[in-house]
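Breakdown of the fold
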Amino acid sequence: MIINRAFYREAAMTTLAIGLVLLVVMVLMSMTLLLGRAVRGEQSETVVYLLLGFQTLAKLDVLLPLAFYLGILLTLSRWYRDSEMTVLAACGVGLMHFMRPVMVLGSVFGALVLAGAFYFTPLATRQIEHVKLESMQRSEPGAISPGVFTEAQGTGRIVYAEKIEENGNLQGIFVSSLEEGRQGVLVAKSGHPYTDPKTGDKFIALRDGTIYEGEPGEAGYRILEYSVYNLRIEPKKIGEAPVPTAGLPTHELLRQYASAMFRDEGRLLNAELHWRLGKTIALFVLALYAVVLAYTDVRRGRLSNLFVAVVVYFVYSNLLGIGETMLQNERVPRAAGLWWVHGGMALVALYFLRQRAHDRPLLSLPAGVGRR
């Protein structure tokens, strides 16, 4: 049908455009946070873009339902404003006709959300934890950020470099360490990391500097100048990154839940399972609200229905967050999951849809109220 094809084309393009805008906004916000942590020395600059990519992948299953919701809303709103819906209604094509193409298109995006929630998001979460652990246990040259005092994990050294060149050479180096109960401070004009080809040990070759060893004022205090000093970097073993519940592969999540279904630890697994499934269900529930709230006319502002739609989205998402917390704390039965949130929002949407299909106000007062 020509009407359905036109709707599919416009709704899909609008959804993808909104999704791209939301993705760019999210990437910029995430990059700002990650760069701030790198500047403070909390993580290496080399892993910023890697973390950014995994964080973006982990949020796609959240962005897609919102993009689809707004895409359907803006598409039908434009048809209302341009009187296309009025013309279609005069030809016998009412609002309920669009429920089928909305759900068909929703099935396509729902499949993407389902794949993201059950596969890509857990995968990205595991990779984020692995990258963070690897960044914490990285060797000292990779841990140093220019202009930041950085404490090397496990060695207690505090390292500072005024400048780091593209080839890895360091300028204006300061190293403070405690070895064999003696406080030592090394300063150097320059240095560069290298690996001994025979032993494979890693060093930082410091050049043209001074060593201050001991406590100031004591007899054993020493000051030594050097032209080259090789500072050994202790090798570090990278442990296995802990896998949070949100990062468990779906098959592992189901296996653990089946074995811990009636134990206390099963509540977190149950909440995570319902949370993953709920992302796909939310897409279809939001699609119902998009059809209902798309109604507008030339006398209304362009943003009036959009404002209400955003409020509905935030109410729905906050209820899901509250429901997940209650489920984790077993304030609701495990079997109820998040179905009471989805079911309640869906019933309200179906009621509004019936009112809209019969050209009635969405919230009508009972008979006799307001009359004299």
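1. Topic: a nonpolar patch on the surface
A cluster of nonpolar side chains, contributed by Phe307, Val308, Val311, Val315, Leu319 and Ile322, occupies part of the molecular surface with about 500 Å² of accessible area. Here Ile322 lies in helix 8 (residues 304–328). On the accessibility criterion, Ile322 (45% relative accessible area) is partly exposed.

2. Topic: the packing of aromatic side chains
The full count for this structure, using the stated rule, is 11 aromatic pairs. Centre to centre, the rings of Trp79 and Phe98 are 5.6 Å apart; their planes meet at 80°, and the pair counts as edge-to-face. Placement of the pair is Trp79 in helix 2 (residues 48–81) and Phe98 in the loop between helix 3 (84–90) and helix 4 (99–136), with a sequence separation of 19 residues. Just as Trp79 is buried, Phe98 falls in that class too.

3. A short note on unusual backbone geometry
Located in the positive-phi region is Asp208, a residue other than glycine, with phi close to 55°. In this model, Glu330 sits at a positive phi of 60°, which is unusual for a non-glycine residue. The topology assignment puts Glu330 in the loop between helix 8 and helix 9 (339–357). By relative accessible area, Glu330 is classed as partly exposed at 38%.

4. Points about the side chain of Thr250
One can find Thr250 in helix 6 (residues 250–259). Judged by its relative accessible area of 16%, Thr250 falls in the buried class. With residues up to four places along the chain from it excluded, the contact list for Thr250 reads Phe118 and Arg276.

5. Structural notes on the environment of Leu206
Mapping Leu206 onto the fold places it in strand 5 (residues 202–213). When the C-alpha atoms of Leu206 and Val187 are compared, they prove to be 8.4 Å apart, with 19 residues separating the residues in sequence.

6. Some points on the nonpolar core
Tyr69, Ile72, Phe98 and Tyr289 are the most contacted members of the largest nonpolar core, which totals 50 residues. Of all elements in the fold, only helix 1 (2–39), helix 2, helix 3, helix 4, helix 7 (266–293), helix 8 and helix 9 reach the threshold of two or more residues within this core. Looking at which element gives the most residues to this core, the answer is helix 7, with 11 residues. Excluding residues that lie within four positions of it along the chain, Phe98 makes contacts with Ile3, Phe7, Leu76, Trp79, Met85, Leu88 and Val93. One finds Ala161, Val175, Ala188 and Leu231 within the second-largest nonpolar core, a separate group that totals 13 residues.

7. Topic: the environment of Tyr289
Structurally, Tyr289 can be placed in helix 7. For the pair Tyr289 and Phe352, spaced 63 residues apart in the sequence, the C-alpha separation amounts to 8.2 Å.

8. As for helix 2
The sharpest bend along helix 2 reaches about 45° and sits at Leu60. Immediately beyond the C-terminal end of helix 2, within one or two residues, lies Ser83, with a positive phi of roughly 65°.

9. Considerations on the pattern of salt bridges
Pairing of side chains with opposite charge becomes possible as their charged atoms draw close. Counting across every chain of the model gives 8 salt bridges. Put simply, Glu252 and Arg255 hold a salt bridge, and the shortest N to O gap is 2.5 Å. Note that Glu252 and Arg255 are positioned in helix 6 at a spacing of 3 residues, about one turn of the helix. For Arg255, a relative accessible area of 49% puts it in the partly exposed group. With a closest N to O distance of 2.6 Å, Glu330 and Arg334 form a salt bridge.

10. Things to note about the confidence of the model for the protein
When pLDDT is averaged along the protein, the result is 84, and 85% of the positions lie at 70 or above. Confidence, expressed as mean pLDDT per element, reaches its minimum in the protein at helix 5 (residues 140–143) with 55 and its maximum at helix 7 with 93. Predicted confidence for residues 367–372 stays below pLDDT 50, and this span has 0 contacts to residues more than four positions away or in other chains.

11. Quick look at the packing of helix 1 against helix 2
For any two helices packed against each other, one specifies the crossing angle of their axes together with the interaxial distance. Taken N-terminus to C-terminus, the directions of helix 1 and helix 2 make an angle of 145°; their axes are 6 Å apart at the nearest point. For the crossing formed where helix 1 meets helix 2, the hand is right-handed.

12. Notes on the packing of helix 2 against helix 7
Contact geometry for helix 2 and helix 7: axes closest at 8 Å, N-to-C directions at 15°. Taken together, the axes of helix 2 and helix 7 are roughly parallel relative to one another. At the point where helix 2 passes helix 7, the crossing takes the right-handed sense. Judged by residue contacts, Asp61, Val62, Pro65, Phe68, Tyr69, Ile72, Leu73 and Leu76 of helix 2 engage Lys279, Leu283, Leu286, Ala287, Tyr289, Ala290, Val291 and Leu293 from helix 7. Considering only residue class, the contact of helix 2 with helix 7 consists of 14 nonpolar, no polar and 2 charged.

13. As for helix 7
Taking 1.5 Å per residue, 28 residues should reach 40 Å; helix 7 reaches 39 Å between its end C-alpha atoms and fits that length. Of all bends in helix 7, the biggest is about 35°, found at Lys279. The element helix 7 is extensively covered by neighbouring structure, given that 22 of its 28 residues are classed as buried.

14. Looking at the side chain of Arg276
Structurally, the position occupied by Arg276 is in helix 7. The contacts of Arg276, once residues within four sequence positions are left out, are Ala117, Phe118, Pro122, Thr245, Ala246, Gly247, Leu248, Pro249, Thr250 and Leu253.

About the cut-offs
- Residues numbered from 1 in each chain as written.
- Predicted model: local features only at pLDDT ≥ 70, side-chain atom pairs only at ≥ 80, totals over all residues.
- Heavy atoms only, no water.
- Patch = residues over 30% accessible without salt bridge, like charges linked within 9 Å, V, L, I, M, F, W, Y side chains within 5 Å.
- Areas by Shrake-Rupley, 256 points an atom, 1.4 Å probe, with all protein chains shown as cover.
- Salt bridge = Lys/Arg side-chain N within 4 Å of Asp/Glu carboxyl O.
- Helix = DSSP H or I, 4+ residues; strand = E, 2+ residues; numbered from the N terminus.
- Buried < 20%, exposed > 50% of the residue type's maximum accessible area, 1.4 Å probe, protein only.
- Phe/Tyr/Trp six-rings, centres within 6.5 Å; stacked < 30°, edge-to-face > 60°.
- Contact = heavy atoms within 4.5 Å.
- Core = buried A, V, L, I, M, F, W, Y, C linked by side-chain atoms within 4.5 Å.
- Bend = angle between axes of the 7 residues up to and from the residue.
- pLDDT = per-residue confidence, 0-100.
- Axes fitted to C-alpha atoms, helices over the stretch in contact; angles between N-to-C directions.
- Left-handed = near helix turned anticlockwise from the far one by under 90°.
- Parallel < 35°, antiparallel > 145°, perpendicular 65-115°, else oblique.
- Nonpolar A, V, L, I, M, F, W, Y, C, P; charged D, E, K, R; others polar.
- Expected span 1.5 Å × (residues − 1).

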